[in-house]
Amino acid sequence: MNLDLNRPYRKNLTSHGLLYMGGEERAITIKDLSLTGVLAELKCDQPGSQEAKDIFNMLMESATIDLYLPEMRLAGEAEVVRVDMLDEHVLLALEFRNIAYDVDNQLYKRKVYRKNIVVPGKILLNGEYHEFNTVNASVDGLMVNLAESLSVEAGEVTVFEIERLELEGEIKVIWAERTADGGILLGLQYMHMEKTVIKGIPRFER
């Protein structure tokens with residue numbers, strides 16, 4: 001018997017989820033799962049179509065994708081380590097990179113997926129603009145970290161800008177929390193946003 005002792009144990013199963021690539025969400029079927037990753041199957045609409053080839057080429061060029069497996073309560077980023085084409089199917093070997101397992105079942109309570117992403121921005125508070133870094137982002141709102149301590153009240157409506165995500169407009173402070181290093185975390189909800197698609201952020205709505 002030839003055993004590969006270095007290969008993580010993989011469990012065969014059938015489960016479903018979503019991946020985000022090229023600005024679109026696509027349904028996938030999980031064929032097997034290990035502690036380090038999954039083997040996923042993405043079915044194209046038409047056998048032998050140009051769509052399958054386009055998807056294959058896109059995945060070959062993509063280092064990481066966003067992955068959401070609600071039945072397993074897993075969400076986050078995975079690296080594409082192998083892509084194979086089989087008729088109308090594209091098989092993906094994905095290795096977990098920044099994956100959260102939600103033991104508190106929050107993935108089911110949240111309406112949309114939150115992507116862990118760190119990008120700079122600025123927000124108007126107490127009459128002045130203050131710089132922040134995002135902690136995570138969704139199509140509904142943001143969590144941001146300010147290095148300075150400010151007096152901020154929940155319910156306050158103000159304006160913000162994140163150049164890298166091409167986002168700006170009104171935002172509402174849902175909660176504020178002091179951090180151990182003297183800064184502040186803010187939970188923010190978009191107000192009067194015309195965009196329903198945010199650059200690089202999937203919706204992954206249940």
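The preceding data block contains the structure.
Calculation criteria
- Residues numbered from 1 in each chain as written.
- Predicted model: local features only at pLDDT ≥ 70, side-chain atom pairs only at ≥ 80, totals over all residues.
- Heavy atoms only, no water.
- Phe/Tyr/Trp six-rings, centres within 6.5 Å; stacked < 30°, edge-to-face > 60°.
- Lys NZ or Arg CZ within 6 Å of the ring centre and 35° of its normal.
- Salt bridge = Lys/Arg side-chain N within 4 Å of Asp/Glu carboxyl O.
- Helix = DSSP H or I, 4+ residues; strand = E, 2+ residues; numbered from the N terminus.
- Buried < 20%, exposed > 50% of the residue type's maximum accessible area, 1.4 Å probe, protein only.
- Pairing = 2+ DSSP bridges.

**Student:** How should the packing of aromatic side chains be read in this particular structure?
**Tutor:** Aromatic ring pairs: the centre-centre distance and the angle between the two ring planes describe each pair. Within this structure, the stated rule accounts for 1 aromatic pair. Sitting above the plane of the Tyr129 ring, Lys122 keeps its charged end 5.3 Å from the centroid.

**Student:** Please explain the pattern of salt bridges as it appears in this structure.
**Tutor:** A side chain of one charge can pair with a side chain of the opposite charge when the charged atoms of the two come close. Counted by the stated rule, this structure contains 7 salt bridges. The partner of Arg97 in a salt bridge is Glu79, and the shortest N-O contact between them spans 2.7 Å. Of this pair, Arg97 sits in strand β6 (residues 89–101) while Glu79 sits in strand β5 (residues 74–86), and the two are 18 residues apart along the sequence.

**Student:** Even after reading the chapter, I still don't get the pairing of strand β10 (residues 141–146), so can you show me in this structure?
**Tutor:** Consecutive side chains of a regular strand alternate in pointing toward one face of the sheet and then the other. Counting buried residues in β10 gives 5 out of 6 residues, a clear majority hidden from the surface. With 4 bridges joining them, strand β9 (residues 128–137) and β10 adopt antiparallel strand pairing. Bridge pairing in β10 links Ala137 to Leu142. With antiparallel pairing between neighbouring strands as the criterion, β9 and β10 make up a hairpin whose turn holds 3 residues. Where β10 lies against strand β13 (residues 184–191), 6 bridges are found, and the strand directions are antiparallel. By the bridge assignment, Leu146 is partnered in β13 with Ile184.

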